[in-house]
Amino acid sequence: MASFNYALRDTFRLIFRHWGLSILTLVTAVSLFFLLGSSALFSLNVKNIVADVENDLVITVFMRAGEDVAPLLSTLEDAEFIDDIKAISPEEGLSILKSKLGDQAKAVSLLGENPLPWSVQIMVKRADYATPLVRDLMSFPSVEEVVYAGQLAEKLSRASYIMNRVSLAVLALAIIITALVLYNTVKIAIYSKRREISVMLLVGATKSFIAFPFVLQGMFLSTIGAVLSVALLAIAYPVIGNMIHNTLMFINVLDDRDLLFRLYLILVGTGMTLGWLCSWFAVHCYIVSAGSPD
Amino acid sequence: MDIRMAGITKTFKPDIVALEDVYLNIDRGEFVYLVGATGSGKTTLLRLITREIVPSRGQIVVAKRNLRKLRSSHLPYYRRDLGVVFQDFKLLPHLTVYENVAFVLEAMGIPSRIVRERSEQVIDEVGLWRMRKNYPLQLSGGEQQRVAIARAMVNSPAIFLADEPTGNLDFHTSESIMKLLLSINAAGTTVIVATHDQYLVDAYRQRVVELHEGRIRRDEERGRYFVDGEL
Ligand SMILES: Nc1ncnc2c1ncn2[C@@H]1O[C@H](COP(=O)(O)OP(=O)(O)O)[C@@H](O)[C@H]1O
Ligand SMILES: [Mg+2]
């Protein structure tokens, strides 16, 4: 316990002695973990949205202007994979739109004449019936457009796949940079205390005892970096989430407290581990393998 | 803690022979002066005992431990039995007198209450109580030397090595340091003092081992700095 207190005191001395370096390291670590956290949140949200819309079984068919819905309805009537089918008149469509838009409804009113065509809402029994049905519907000459969430889901998945590739590369780079900064900070601290270390070795301190404060230093900086970034994320995420929801109302920003908590915990854990690895490595290179007699 | 050296030769690159074929036995509780001109190998001999270096040839056994075969994981524990006053003190400039002494015990993981008691006791013994909060650079040479001695004796070592502990000090200061070393020896600790301080050697006659160009030229009980008749 005494030696732990000693190590702790030494750790803080190291951190304050090289305060400029400590701040640089902290900023790097905070940036990394913020980047890690926000990209994790981003992909979690994309997954969430995809899952949301994938389970959306509703297909909306917009007719060409002036076209009648009756022929289409009669074709689909006896299809067994359809749960429900409903024709929506332009007037109904407008009122639904207005209720969805809330405040922004006035903009629609300004258009004057109702711009909406007839539409049909089809609810399929299972999501995988949707894609072939959509293909069939598109071939109807009276159909202007078919909108169904699955399409959006596919597009989103494809986009997020590409984004993940890119962000994975960026994240890997960020991790490498942070690791190097941490390693270097510990290395410089060791270098600045090399006289002390050589005296400590001469008076019988074990290498692990000498190394301990340096390992703590690296772990501390990295962990505090992670904690600070989690604090930033915890403050920024709800604010940004609200902003997104207010502009794009159909998006439900992920708000699973358990999941978020777990993510934050993982970030802090990653911070500890990264700090430990980097400083252990520096210590191993410069203390443990040093000082053998000639 | 017996020290046994048999056939020790130590060469440094490129072809410096610092010690050659040295046989030396020092028994527990002895007081030994190691004398000889600068470059005769005194520091090298002490560094062999602290195992900062290993011999090129020959065996050195301290307290039944063969230092050549000492495993590096055991080295710290071996060194805890030693107290060393280095020629250049090796005090840490950013630590106070107290901290310089205490950190030896802290490095051993000793409980902080005991560290405090023992460190304060030793600092008092070497007469530096009033300066315990000063930094080494605020002290005179003799005071720095005493910090180094306090640090070397704080762990109650079985073997105490001092490399020119009175170099560059005036006679009175040297004398007080000598008395400190004798009192450490009186408590049962083996003391080896490398010195070329003729006055001290002649004033406090003890065993004298003289090195000359890396070889032992003389080893006598209650000896003088110079061989009788040399001067
Ligand atoms: N690390 C070293 N590398 C090369 N030569 C050394 C080294 N240490 C000591 N020597 C040489 O060994 C000889 C003995 O040195 P030393 O033991 O320091 O003598 P003393 O302490 O008696 O003055 C000297 O010639 C010195 O230059
Ligand atoms: Mg010397």
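Our structure is the block above this text.
Enquirer: How should the site of ligand 1 be read in this particular structure?
Expert: Residues and elements named next belong to chain B. Taken together, Phe 12, Ile 16, Ala 18, Ala 37, Thr 38, Gly 39, Ser 40, Gly 41, Lys 42, Thr 43 and Thr 44 are the residues near ligand 1. Coverage of ligand 1 by the protein chains reaches 65% of its 550 Å² of free accessible surface. For the shell around ligand 1, the secondary-structure elements that each account for two or more residues are strand 2 (16-26) and helix 1 (42-49). No other element matches the three residues that helix 1 contributes to the shell around ligand 1. In terms of residue class, the shell around ligand 1 is made up of four nonpolar, six polar and one charged.

Enquirer: Is there a simple way to think about the sheet that holds strand 10 (residues 215-220) of chain B in this case?
Expert: Consider a sheet: its strands pair through backbone hydrogen bonds, and that pairing is either parallel or antiparallel. All names here are of chain B. Spatial strand order, 6-7-8-3-9-10: six strands in an open sheet with mixed pairing. Edge strands, defined here as strands with exactly one partner in the open sheet, are strand 6 (82-85) and strand 10. On average, each strand axis in the sheet is inclined to that of its neighbour by 15°, with strand direction left out of account. When strand 3 (residues 31-35) meets strand 8 (residues 190-194), the two strands line up parallel, connected through four bridges. Bridged to Phe 31 within strand 8 is Val 191.

Enquirer: Would you explain the coordination of the magnesium ion (ligand 2) in this entry?
Expert: Metal coordination angles in their ideal form are 109.5 degrees for the four-donor tetrahedron and 90 or 180 degrees for the six-donor octahedron. Residue and element names in this part refer to chain B. Looking at the magnesium ion (ligand 2), one finds its protein donor set to be Thr 43 (OG1) and Gln 87 (OE1), positioned 1.9 to 2.6 Å from the metal centre. Of this pair, Thr 43 sits in helix 1 while Gln 87 is found in the loop between strand 6 and helix 3 (97-106), placing the two residues 44 residues apart along the sequence. Judged by its relative accessible area of 27%, Thr 43 falls in the partly exposed class. What makes Gln 87 partly exposed here is its relative accessible area of 42%.

Enquirer: Help me understand the side chain of Gln145(B) in this model?
Expert: Of note, Gln145(B) is situated in helix 5 (residues 141-153). Discounting residues that sit within four places of it in the chain, Gln145(B) has contacts with Val85(B), Phe89(B), Glu164(B), Pro165(B), Thr166(B), Leu169(B) and Ile177(B).

Cut-offs and rules
- Residues numbered from 1 in each chain as written.
- Chains lettered and ligands numbered in written order.
- Predicted model: local features only at pLDDT ≥ 70, side-chain atom pairs only at ≥ 80, totals over all residues.
- Heavy atoms only, no water.
- Near = heavy atom within 4 Å.
- Areas by Shrake-Rupley, 256 points an atom, 1.4 Å probe, with all protein chains shown as cover.
- Helix = DSSP H or I, 4+ residues; strand = E, 2+ residues; numbered from the N terminus.
- Nonpolar A, V, L, I, M, F, W, Y, C, P; charged D, E, K, R; others polar.
- Pairing = 2+ DSSP bridges.
- Axes fitted to C-alpha atoms, helices over the stretch in contact; angles between N-to-C directions.
- Donors = N, O, S within 2.8 Å, 3.2 Å for Na, K, Ca; no water.
- Buried < 20%, exposed > 50% of the residue type's maximum accessible area, 1.4 Å probe, protein only.
- Contact = heavy atoms within 4.5 Å.

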